[in-house]
Structures are given as structure tokens and as C-alpha cells.
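Listed below are the residues making up each chain.
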Amino acid sequence: MAMTETPMQRERAVTIFEKSKPGRRAAVLPEAGVPERPLDELLPAKLLREAPPRLPEVSEPEIVRHYNRLSRRNFDLDTGFYPLGSCTMKHNPRLNERVAALPGHARLHPAQDPKRAQGALELMWLLQRSLSEICGLPHVSLQPSAGSHGELAGLLLTRAYHADRGEERTKVLAPDTSHGTNPASVTMAGYEAVKVATNERGGVEMDDLRGKIDDDVACLMLTNPNTLGLFDENIAEIAALIHEAGGTLYYDGANLNAVMGHSRPGDMGFDIVHVNLHKSFSQPHGGGGPGAGPIAVSDRIEPFLPRPQVVRREGENGGGPFYDLDLERPKSIGPLRGFQGNFGVFVRSYAYILSLGADGLAEASETAVLNANYLKARLAAGRAGARLPIAFDRHCMHEFVLSGKPMKKELGLATLDLAKRLLDFGFHPPTVYFPLLVEEALMVEPTETETKESLDAFADAVEEILAEAERDPEIARNAPYTTPVRRLDEVKATRRPVVRQPLG
């Protein structure tokens, strides 16, 4: 399929340094108005540069156009439907951005004395209480900066819990549907990762689990609903088995958006939960951050939480309560990061929780589940029903997984080809080739903020691509055609990455 290059494809993405021309300025600073002093009188010699920094010299219009042009080279949630499975790419209300940008929030210095940051500490404490209620666990730490960071924190808490009991356990169980960060976090925490199989219903294979539980098992990491979008029907029995063996039960909260206000991990028997504020609670994410992965824990895990903890203390001599940082935690695993976390994320998430309330959070989850089941049914009714069948065909929660195995066998079209072609139709592709137990997997998560029209348009696009492939599969095999760059050699990009721009 021959297509003329688009202007964006013809224009190579350049850095701001390549646009630099000597003498150009975006602004001219006024005279200081005070006598000048040599820098060596103001700064220690060790802090002085040997040469001025090499900064780009560009005009203000060039700066604005450069970054505006770069922003349009990316697909983003403001551009279109973003059904990236297990990522919960839902709309982030602009109200929360306005609240986070208020000067008292945006300009607060992280080293401020707690006595002068009472409003911020109160917000963090109230967010902890809110997450505690949502998760069904009494204690929360806001320190972890991402879901994977929360996973590591949970495993370090597990290690501290067992060590306090004089135990040295070596294994952590995780299903073969678990997020890839689970076994990675297990290894980083110094444990051995042990895989648990999936049954024909898409849940944990109970006989396999029973066979792998022994005195060396420290923890089971579980996502519920899992990455197949399915709620595990045996969760109560799973919790009982792990607790009888003396282990902890860890909840990967990446899919919490499916159950808010309807079921709580603590009520299921989990001891530790991480919450992705940048998924379920309206913090924009992607491209590396910022994020937040707070952890909620049971009473038996609380003594080991990271320090400092945000606490509320009762005032003295009849004074009102005040908020403080509790550093006196002798069994703590210690700090997980500098300062207290990404505060702007906390503001957005708390604003989101307050604006929706308990009923609104429950409705958000209901709509997310409704949208996923509607889209699943729409796809099953067309060509996708035969070419992209549901991997585990029962009612899903917030997401579902298709298998492109028949499509590849009958049309010679890989899941990756379909994903690339969707870009030409204005849709971000779903997650591909995950979970690994589904051949040619395509994981779709529509979220609650998409309209029926968006879901129908996506289903129509998949139908059109499959019909097109029946006539000429080469079209999809060479897609995309309309993006800023055409299909890349992903193997070469992995093996020979260019990670530094030459400064010559």
C-alpha cells in the first residue's frame, strides 16, 4: 500500500539544541539594580563551573513551536481512545489539576517544618484514611512512588514481619497471569519467585497452589481481578491456605478500578495492598511518571511500615489536633524515598475521591465493568468473534483478553500488525502479548470514562481491519501509515538503542 509521507514523517524530530543559533534570546533580563559582585565571593570554589553551561539559544516562538510540535508526535488520552489493558488510562478531570496547581500546594517546599505545613499533612492524613476505607485495611503509608515501588515495599514488609518472628522464608508465589513487575520485585527483594498455574476458569489453579505451599513460602502476590479481567472465585480459600501456612497475602492494586466500593482487599483476607493513584484515582500517567503507589496493611504488618508516617496527634492543654511526622518507629523498614512522596499526586487523588464520594467511586467501577462487557460483546458479534476469540469466555470485570491465534493462522496477521493498524484509525492499541499464557494476546481495558460511541467506533475499526486483511493482509503488516514515524525495527531498537543525542 503506497502512501505519500506526511509532513510530520518528513520532518525528523530534532532537539532544542539543534535549533540553537548564537545570539538568539527568548527574553532579556533587566539590570540587577544592585552592585555586582564576583561569583567567587558568593559561592565556594568547588561549586563554580570551569566553563558556562551549553544552553540552547532560541527565540520564544521557536521554544513554543518546538514543544508544541513534539507534543503532537505522541498519542495521548486527550487525543483519543486509549484501551491499554491493566493501565486504566481514563480521563483525568481538569478540576483536580486546578486544585493541585493552587500555590499552597504547588509551591510548598518538601523540607518545610511540619508546624508550617499543617494543611499538607492534614490532606495526606485524610488521604490515608480514605485509602484505608477503600482497601479495608487500617493502616496506610504514602511513601512508595509507583506500583512497582509499592510491590517492593510490600515484600520488604513481609521480610521484616517474618524476621521479627524469627523466620527466614525464601519463596514468594505469583500466578502466571501476574504483572511482570511482580516476579521482578520478588527477585529484587531477595526471594525466589515460584509460578502458580491458571485453571480453565481463568483463576488460580488450586491443586497447583496447594502443592507449592510449604514452610518456605513467605507470601502470595495476587491481582484480583487478575490480568485476564476475571475475579478469582476461590479467593476466600486462597487466603485461608496462605494464612494457615504462616504467609502474607499481597494484593497488586493495579486493577482496583474494577471493584471500588464493591469489594475490599482487606475483606478478602489480604494483608498488604498497593494502590496505583495514577490509575484508579485520576493522576495523569505514562512516560515515566510521576506516580504514587501507597500501601495499606493489616495490624500485624503495621509496626514495620516505612518511616516517617503522617500521624494526627491530640493537642496539649485543650488545643486542637495537629499533624506530624512520626520518626520513632523501631521496627520500621526505614524510608523508601526522600521526603514524603509526590505531593501533587496526593492532591489530585484526594480531590478525585472527594468529588466522587463513596457512591461515585462505586459507580465508576460499575461503569468500567459495564463498558468492558459491552465492548467484549460487540467484538464477539463480528469477525473478531472468530478471528480474535475471548481467551476465557465468562463475564469479565474491567478488562478482557482476546487471542489472535486464529487471526494469525487464517490471515497471517499477528496481533502486533492489528495493533499497529489501529493507530491509523485513531486508536491507541490495547496491550499486546500479555498475559503470556494467552497466545497472541490482546488485552483491552476501556475504562469508565469512554462513551458508547467510542466503544462502538473501536469495535467497528477492528471489524474493518479484519475485513481489510481478508482482502490484503499486507496493508496491516506494513502499518502504521499516518503516525509521525512508520513501523520501527523493534529488535534493532532493543539491541542497539540510541539513548544520547550527539552534542557536536
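This text gives an overview of the structure that appears in the document. Sequence positions are assigned chain by chain, starting from 1 and proceeding in written order. pLDDT decides what is reported in this predicted model: residues at 70 or higher carry local features, side-chain atom pairs at 80 or more are listed and counted, and totals for whole chains, interfaces and linings draw on all residues regardless. To obtain the side-chain values, all non-hydrogen atoms of the structure were used and water was disregarded.

**Let's talk about the overall build of the protein chain**
Step number 1: A run of H or I in DSSP becomes a helix once it reaches four residues, and a run of E becomes a strand once it reaches two; helices and strands are each numbered from the N terminus. Secondary structure assignment for the protein chain yields 19 helices and twelve strands.
Step number 2: The quantity called the radius of gyration is restricted to C-alpha atoms. Its globule counterpart is 2.2 Å times the number of residues to the power 0.38. In terms of overall size, the protein chain behaves like a compact globule, its C-alpha atoms giving a radius of gyration of 26 Å where 504 residues would be expected to give roughly 23 Å.
Step number 3: Dimensions along the principal axes, computed over C-alpha positions, put the protein chain at roughly 80 × 65 × 40 Å.
Step number 4: Relative accessibility thresholds used throughout: buried, under 20% of the residue-type maximum; exposed, over 50%; partly exposed, between the two (1.4 Å probe, protein chains only). The 504 residues of the protein chain split such that 48% are buried.
Step number 5: Note on contacts: a residue pair qualifies if any of its non-hydrogen atoms lie within 4.5 Å across the two residues. A separation threshold of at least 6 residues defines the contact pool for the protein chain, and within that pool the share at least 24 residues apart is 73%.
Step number 6: Working note: accessible area of the protein chain is about 25200 Å², and carbon and sulfur atoms make up 53% of it.
Step number 7: The charge count treats Lys and Arg as positive and Asp and Glu as negative. His and the chain ends do not count. In plain terms, the charge of a residue is placed at NZ if it is Lys, CZ if Arg, CG if Asp and CD if Glu. Each charge class in the protein chain was averaged separately, 58 positive and 68 negative side chains, and the resulting centres sit 7 Å apart. The accessible surface values rely on the Shrake-Rupley method and a 1.4 Å probe; as for residues, cover is taken only from the protein chains in view.

**Overview of helix α8 (residues 181–188)**
Quick reminder: α-helices carry 3.6 residues per turn. Residues three or four places apart thus point the same way.
Step number 1: Restricting attention to buried positions, one finds in α8 the residues Asn182, Ser185 and Val186. Considered in projection along α8, the buried side chains sweep an arc of 105 degrees and stay on one side of the axis. Opposite the packed face of α8, turned more than 90 degrees from it, sit the exposed residues Thr187 and Met188.
Step number 2: Buried positions along α8 lie against α7 (147–164), β2 (171–175), β3 (192–196), β4 (217–222) and β5 (248–253).
Step number 3: Among the residues trailing α8, Gly190 stands out with phi positive, at a value near 90 degrees. Directions from the helix axis toward the C-beta atoms define the arc.

**Describing a nonpolar patch on the surface**
Step number 1: Surface patches are drawn from residues lacking salt bridges whose relative accessible area is over 30%; two like charges belong together within 9 Å, two nonpolar side chains (Val, Leu, Ile, Met, Phe, Trp, Tyr) within 5 Å. The term salt bridge refers to a side-chain nitrogen of Lys or Arg lying within 4 Å of a carboxyl oxygen of Asp or Glu. Taken together, the side chains of Leu39, Leu42, Leu43 and Leu47 define a hydrophobic patch exposed on the protein surface, amounting to about 390 Å² of accessible area.
Step number 2: Within the secondary structure layout, Leu39 lies in helix α2 (residues 39–42).
Step number 3: Given a relative accessible area of 54%, Leu39 falls into the exposed group.

**Observations concerning the nonpolar core**
Step number 1: What we call a nonpolar core is a set of buried Ala, Val, Leu, Ile, Met, Phe, Trp, Tyr and Cys residues that are connected through their side-chain atoms within 4.5 Å. With 56 residues, the main nonpolar core has Leu131, Leu173, Leu209, Leu277, Phe281 and Phe346 as its most contacted residues.
Step number 2: Looking at this core, the elements with two or more residues in it are α6 (118–135), β3, α9 (206–212), β4, α10 (235–244), β5, β6 (272–275) and α13 (343–380).
Step number 3: Residue contributions to this core peak at ten residues, all from α13.
Step number 4: In this structure, Leu277 is in contact with Leu127, Leu131, Ser282, Gln283, Ala292, Pro294, Val345, Phe346 and Ser349, ignoring residues within four places of it in sequence.
Step number 5: By size, the runner-up hydrophobic cluster in this structure holds 35 residues, among which are Phe81, Leu422, Phe458 and Ile465.

**Topic: the sheet that holds strand β10 (residues 400–403)**
Step number 1: When DSSP locates at least two bridges between a pair of strands, those strands are taken to pair. Here three strands make up an open sheet; going across it, the order is β10-β12-β11 and the pairing antiparallel. Here the strands that pair on one side only, and so sit at the sheet edges, are β10 and β11 (431–432).
Step number 2: Bridge count for β10 against strand β12 (residues 441–444) is four bridges, and the pairing is antiparallel. Across the sheet, Ser403 pairs through a bridge with Ala441, a residue of β12.
Step number 3: Axis lines are fitted through C-alpha atoms, for helices just across the contact stretch, and the angle between N-to-C directions can take any value from 0 to 180 degrees. The strands touched by α13 are β10 and β12; relative to β10, the strand with the most contacts, the crossing angle is about 20 degrees.

**Some words on the sheet that holds β2**
Step number 1: Taking strand neighbours across the sheet as the criterion, the seven strands line up as β1-β7-β6-β5-β4-β2-β3 in an open arrangement whose pairing is mixed. Since the sheet does not close on itself, it has two edges, and those belong to β1 (139–141) and β3, each with one partner. Put simply, the sheet's adjacent strands are angled 25 degrees from each other on average, direction ignored.
Step number 2: For β1 and strand β7 (residues 295–297), the ladder comprises three bridges, and the chain directions are antiparallel. Bridging from a neighbouring strand, Val140 pairs with Ala296 of β7.
Step number 3: Across the sheet, α8 is in contact with β2, β3, β4 and β5; its angle to β3 comes to roughly 150 degrees.

**As for the layout of surface pockets**
Step number 1: Volume-wise, the largest pocket comes out at about 770 Å³.
Step number 2: Here a cavity denotes grid points, spaced 1 Å and computed from the protein atoms alone, that fit a 1.4 Å probe unable to get out, and a pocket denotes an open set having protein on both sides within 12 Å along at least 5 of 7 lines; residues with an atom within 4 Å of a point are the lining. Along its surface, the largest pocket is lined by 26 residues, and Arg73, Phe75, Leu423, Thr483 and Pro484 are the ones closest to its centre.
Step number 3: For the lining of the largest pocket, the element with the most residues is helix α16 (residues 415–424), which contributes four residues.
Step number 4: When grouped by side-chain class, the residues that make up the lining of the largest pocket number twelve nonpolar, seven polar and seven charged. Grid points are joined across faces, edges and corners, and a volume is the space filled by probe spheres set on the points. When residues are grouped by polarity, Ala, Val, Leu, Ile, Met, Phe, Trp, Tyr, Cys and Pro land in nonpolar, Asp, Glu, Lys and Arg in charged, and all others, Gly among them, in polar.

**Comments concerning the packing of aromatic side chains**
Step number 1: A pair of Phe, Tyr and Trp rings is counted when the ring centres sit within 6.5 Å of each other, with Trp represented by its six-membered ring. The angle between the planes then sorts it: under 30 degrees is stacked, over 60 is edge-to-face, the rest tilted. Counted by the stated rule, this structure contains seven aromatic pairs.
Step number 2: Plain terms: the ring middles of Tyr251 and Phe270 are 4.9 Å apart, the flat faces sit at 85 degrees to each other, and that makes the pair edge-to-face. With Tyr251 in strand β5 and Phe270 in the loop between α11 (265–268) and β6, this residue pair connects regions lying 19 residues apart in the sequence. We note that Tyr251, like Phe270, is buried.
Step number 3: Aromatic side chains Phe427 and Phe458 sit 5.5 Å apart centroid to centroid with 90 degrees between the ring planes, which places their arrangement in the edge-to-face category. In this pair, Phe427 sits in the loop between α16 and β11 while Phe458 sits in helix α17 (residues 452–471), placing the two residues 31 residues apart along the sequence.
Step number 4: The class of Phe427 is buried, set by a relative accessible area of 9%.
Step number 5: Looking at Phe458, the relative accessible area reads 1%, which means it is buried.
Step number 6: A connected cluster of aromatic rings, assembled from ring pairs, spans Phe81, Phe427 and Phe458.
Step number 7: In this analysis the charged atom, NZ for Lys or CZ for Arg, is taken to sit over a ring once it is within 6 Å of the ring centre and within 35 degrees of the ring normal. Seen from the ring of Tyr191, Arg159 lies directly overhead, with NZ or CZ sitting 4.2 Å from the centre.

**A short note on the side chain of Asn182**
Step number 1: Within the secondary structure, Asn182 sits in helix α8.
Step number 2: Two N or O atoms form a polar contact when they lie within 3.5 Å of each other; inside protein one atom must be a possible hydrogen donor and the other a possible acceptor, and for residues adjacent in sequence the pair counts only when both atoms belong to side chains. There is a polar contact of 3.1 Å between the side chain of Asn182 and the side chain of Asp252.
Step number 3: In contact with Asn182, not counting residues within four places along its chain, are Glu151, Met221, Thr223 and Asp252.

Note that all results are geometric; they support no functional claim without further evidence.
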